[in-house]
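# Remarks on the overall topology
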Amino acid sequence: MAIICKDNVITLKTKNSVYQMKEDRGFLFHTYYGPNVGDTDMSYLWRTIDRGFSGNPEGIDDRGFSLDTQLLEYPGYGTGDYRDYCLRVVYPDGSQVTNLKYVDHEILEGKYALEGLPAMYQGDEKAETLKITLRDIHRHVEVLLYYGVFENLDIITRACKVINQGEESVHLRRAYSMCLDFHQKDMDFIQFYGRHAMERVMERSPLHHGIQGVGSRRGYSSHQYNPFVMLAKHDTTEDSGWCWGSCFVYSGNFQAEAEVSQANNTRLTMGIHDTQFDFLLEPGESFTAPEVMLSFSSEGMGKLSRNYHKAIRRNICRGKFKNARRPILINNWEATYFGFDTDKLLEIAREAKNVGIEMLVMDDGWFGKRDDDNSGLGDWVVNEKKLPGGLKRLVDGVNEIGLKFGIWFEPEMVSEDSDLYREHPDWALKVPGHSLTRGRNQLVLDFSREDVRQYIFDKMSEILESANIEYVKWDANRHMTDVWSAMLPAERQGEVFHRYILGLYDFLEKITQKFPDVLFEGCSGGGGRFDAGMMYYHPQIWCSDDTDAIERLRIQYGTSFAYPVSTVGSHVSVCPNHQTGRSVSMKTRGVVAMSGTFGYELDITKMSEEDKNVVREQVEEFKKYYDLIQQGDYYRLSDDGTKSNYVAWQFVSEDQKESLVNVVVLRTKANPPFQFVYLRGLKAESLYHVEGTELNLTGAALMNGGYLLPVVSDDYEAVQIHLVECE
Ligand code: DGJ
């Protein structure tokens, strides 16, 4: 049993962690989340002190007892807990006070699901659900707290549902997904910030009194802050120490905050951002807050990441391509931008076939009037000037050459200069009578509207049915502004951001079900919607518009804290690189791109024979290492290059018999000092053969003595070490 209930104490157990709560005097307290402590009632750690200005709830005859200083599972608002809260409801009389009390709980077999929202599913794992009912003691608002316990994955999920059981309508102004309280404050807050073309840069800072947090009001999870955060003890490293992760399975606005209180407690909260959030709940209506995946590791951040990698790979990603081998592709974006036609694409396909590439992806520019990024979005009709004879002729041609075919869409957007916008100006998000805020000269379609979604769905289906299309790159190239929907009444305009995301999920669910054999890749100007919510529909996401291998080291490093390599879209592009102007060797570009769903993004018809031979070798190499890279355990062996002179990472097969170590040495140096890389995850006693050398070394030697890197003669040289356990 992963969920144990004894004397008002509920203990959730995973392989390496315990999460506990306790009902006492009607309140639901949090008692513990950390290493295994069995089912000891952890409330022995409680102490009540009469703290001035921290009020005492009615009915409790103890001046030391205040919600302000307790650890709570799901704090309401306005009853003496002045810290960050999870729920704020505005009642018909204007009051906003929510007094939540425990009612009952149920333990259910299997993992709960959330209607209309992505969430971890049970799959082949063992899972149990805890459902707790809280009720406001004065009003008829109920909160159902859901906990999913994945024992073997060391993951505990949380979500909740707020139901208006009363006879009058209420407004939800905040409904977070979870709160996680800690007794201590001596921890670091770790988050992943960024910008377009430099996403998910790791930043670690000590907690301080007050609130520290990240979030998005951009409509999407965003390049700027990722909806994944961690707390870690100050001395926690990759391989040792305690850390906790909180990963939002949601792609819209979010908020993640850590608050250190007067009593040196810490409160971590996560949920939908409450900016412009106002959900009207009529009697009987409910609101479901999206899921958060929690994990704890006492063996450092590397282990925490591997917990998330497994869980996302196995219990978030779905469909045929969750496990099926994904094709090595060539994408024409950086090769041609908008300037291509059928002949050019076929020429690329022919050359690609010669080097073993398996799929051609036609990017932006194949439809409507689209010769640059100022027009055409929304007109999903093939441009026959570029593709004479239509899509079928092109796709058949590509298939005859022996390649699969993929296509780019940006379904959620519309250009003002498009037939769609001219016909339906009210289909875009905007406030009537207001001036428009443009982004890349385009507007966002109102995906909260069923009719808008249905129209795009039909157009997209027509295209996908018109030829043998086996892959879709789904892009979204701006953030939301002027958020107002022509379909909703004034009192529901605070719902548009979330309804948009629900609409998007609905669309994705339907399209992925209708085309189960199509591989969908997510994208939002690179990694602007790189989150576990999207991974439920898109098993891979274009990681960044920055294809420079050296910049990618940092981006992919940050990305790896939560997200598995199998979700990371990564390609080799041309040098000098189009974003940075930097030149690095084909080998280095290949090694970096192979830590993802591998492909090319360059004009192969202009490549030298020498480079094409390198591509041929890389393709073979990627095929050889495919399972190890996509399914293996991932270890970071360095930082992101800020302090270290190399960036190194390692894949280890589940049976620990094979491993691949990738290293990019950043700077060459005169009279160079020795540089060692210390491997991880091997069997200490086993002997490993280092491919291409005479060396047979034990796992213990490689992990403790390390591997001496060769002396490099140029900046950014890559070194690969392949190890196979000796028979
Ligand atoms: C942004 C994407 O990230 C690029 O790869 C490319 O598809 C462009 N959009 C096309 O407009």
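Report follows, based on the coordinates. Predicted, not measured: the structure shown is a model, and the values here were computed from it.

### What to know about the overall build of the protein chain
When its secondary structure is counted, the protein chain shows 12 helices and 38 strands. In terms of C-alpha radius of gyration, the protein chain reaches 27 Å, essentially the compact-globule figure of 27 Å for 727 residues. With the C-alpha coordinates of the protein chain rotated into their principal frame, the extents come out at 85 × 70 × 45 Å. Per-residue burial over the protein chain gives 62% buried out of 727 residues. Counting contacts in the protein chain only where the partners sit at least 6 residues apart, residues at least 24 apart contribute 69% of the total. Within the structure as shown, the protein chain displays about 26600 Å² of accessible surface, and the carbon and sulfur contribution to it stands at 47%. Averaging the locations of the 79 positively and 108 negatively charged side chains of the protein chain gives two centres separated by 1 Å.

### A few points about the site of the ligand
Surveying the vicinity of the ligand reveals 13 residues, the closest of which are Asp363, Asp364, Lys473, Asp475 and Asp545. One nitrogen or oxygen atom from the side chain of Trp408 is found 3.1 Å from an oxygen atom belonging to the ligand. The side chain of Trp542 places a nitrogen or oxygen atom 3.4 Å from an oxygen atom of the ligand. Protein coverage of the free-state accessible area of the ligand, which is 300 Å², stands at 98%. Counted by class, the shell around the ligand contains four nonpolar, three polar and six charged residues.

### Focus: the sheet that holds strand β21 (residues 329–331)
With parallel pairing, eight strands are arranged side by side around a closed barrel as β21-β22-β23-β26-β27-β28-β29-β30. This sheet shows a mean twist of 30° between the axes of neighbouring strands, independent of strand direction. Contacts from helix α4 (residues 390–401) reach β22 (359–362) and β23 (404–409) within the one sheet, and its direction differs from that of β23 by about 140°. Helix α7 (residues 496–514) rests against β26 (471–474) and β27 (519–522) of the sheet, and its axis sits at about 170° to β26.

### Quick look at the nonpolar core
For soluble globular proteins, the rule of thumb is that nonpolar side chains tend to be buried together. Among the nonpolar cores identified, the biggest contains 202 residues, and Trp366, Ile407 and Tyr600 are the most heavily contacted of them. Ranked by the residues each element gives to this core, the list is headed by α7, at nine residues. For Tyr600, the residues in contact, after removing those within four places along its chain, are Ile328, Leu329, Ile330, Asn331, Ile357, His571, Val572, Met586, Val615, Gln618 and Val619. Of all hydrophobic cores here, the second largest spans 21 residues; its members include Val665, Leu679, Tyr688 and Leu709.

### Digging into the side chain of Asp136
The residue Asp136 is located in strand β7 (residues 128–136) in this model. No salt bridge is formed by the buried Asp136. Its closest oppositely charged neighbour is Arg139, at 5.5 Å. Only 2.8 Å separates the side chain of Asp136 from the backbone nitrogen of His138, close enough to count as a polar contact. Among the polar contacts made by the side chain of Asp136, one reaches the main-chain amide nitrogen of Arg139 at a distance of 2.6 Å. Sequence-distant contacts of Asp136, that is, excluding residues within four places in its chain, are made with Tyr91, Val97, Thr98, Asn99, Leu100 and Val141.

### Quick look at unusual backbone geometry
Look at the link from Cys575 to Pro576: it is a cis peptide, with omega at -5°. A positive phi angle, near 45°, is found at Asp482, a position not held by glycine. For Asp482, the location among the structural elements is in the loop between β26 and α7.

### A word on the pairing of β22
Burial along β22 is two-sided: Met359 and Val361 and Leu360 and Met362, pointing in opposite directions, are all buried. Bridge count for β21 against β22 is three bridges, and the pairing is parallel. In the strand pairing of β22, Ile330 is matched with Leu360. Relative to β23, β22 runs parallel, the two sharing four bridges. Across the sheet, residue Met362 finds its bridge partner in β23, namely Ile407. Taken together, β22, α4 and β23 constitute a β-α-β crossover, and its handedness is right-handed.

### Regarding the sheet that holds strand β35 (residues 687–690)
Pairing within the open sheet is antiparallel, and its six strands lie in the order β31-β32-β33-β38-β35-β36. The open sheet is flanked by β31 (633–636) and β36 (696–698), the only strands paired with a single partner. Direction aside, the axes of adjacent strands within the sheet are offset by 25° on average. Alignment of β35 against strand β38 (residues 717–725), held across three bridges, turns out to be antiparallel.

### A few points about the side chain of Ser251
With respect to the element layout, Ser251 can be found in the loop between β16 (243–248) and β17 (254–260). According to the relative accessible area criterion, Ser251 is buried, its value standing at 0%. Side chain to side chain, Ser251 and Tyr505 meet in a polar contact 2.7 Å long.

### Describing the pairing of strand β12 (residues 187–195)
Side chains on a regular strand alternate between the two faces of the sheet. With seven of nine residues buried, β12 lies mostly within the body of the structure. In this structure, β12 lies alongside strand β15 (residues 228–233), joined through four bridges in antiparallel fashion. Counterpart to Phe189 in the pairing with β15 is Leu231. The pairing of β12 with strand β13 (residues 198–206) spans seven bridges and is classified as antiparallel. Bridging across to β13, Phe192 finds its partner in Met202. Turn length for the β12-β13 hairpin, with the two strands adjacent in sequence and antiparallel, is two residues, and the turn residue Ala197 shows positive phi of about 70°.

Rules and cut-offs
Residues numbered from 1 in each chain as written. Predicted model: local features only at pLDDT ≥ 70, side-chain atom pairs only at ≥ 80, totals over all residues. Heavy atoms only, no water. Helix = DSSP H or I, 4+ residues; strand = E, 2+ residues; numbered from the N terminus. Rg over C-alpha atoms; globule rule 2.2 N^0.38 Å. Buried < 20%, exposed > 50% of the residue type's maximum accessible area, 1.4 Å probe, protein only. Contact = heavy atoms within 4.5 Å. Areas by Shrake-Rupley, 256 points an atom, 1.4 Å probe, with all protein chains shown as cover. Lys, Arg positive; Asp, Glu negative; His and termini not counted. Charge placed at Lys NZ, Arg CZ, Asp CG, Glu CD. Near = heavy atom within 4 Å. Polar contact = N/O pair within 3.5 Å; in protein donor to acceptor, adjacent residues only side chain to side chain. Nonpolar A, V, L, I, M, F, W, Y, C, P; charged D, E, K, R; others polar. Pairing = 2+ DSSP bridges. Axes fitted to C-alpha atoms, helices over the stretch in contact; angles between N-to-C directions. Core = buried A, V, L, I, M, F, W, Y, C linked by side-chain atoms within 4.5 Å. Salt bridge = Lys/Arg side-chain N within 4 Å of Asp/Glu carboxyl O. Right-handed = clockwise from strand over helix to strand, strands pointing away.

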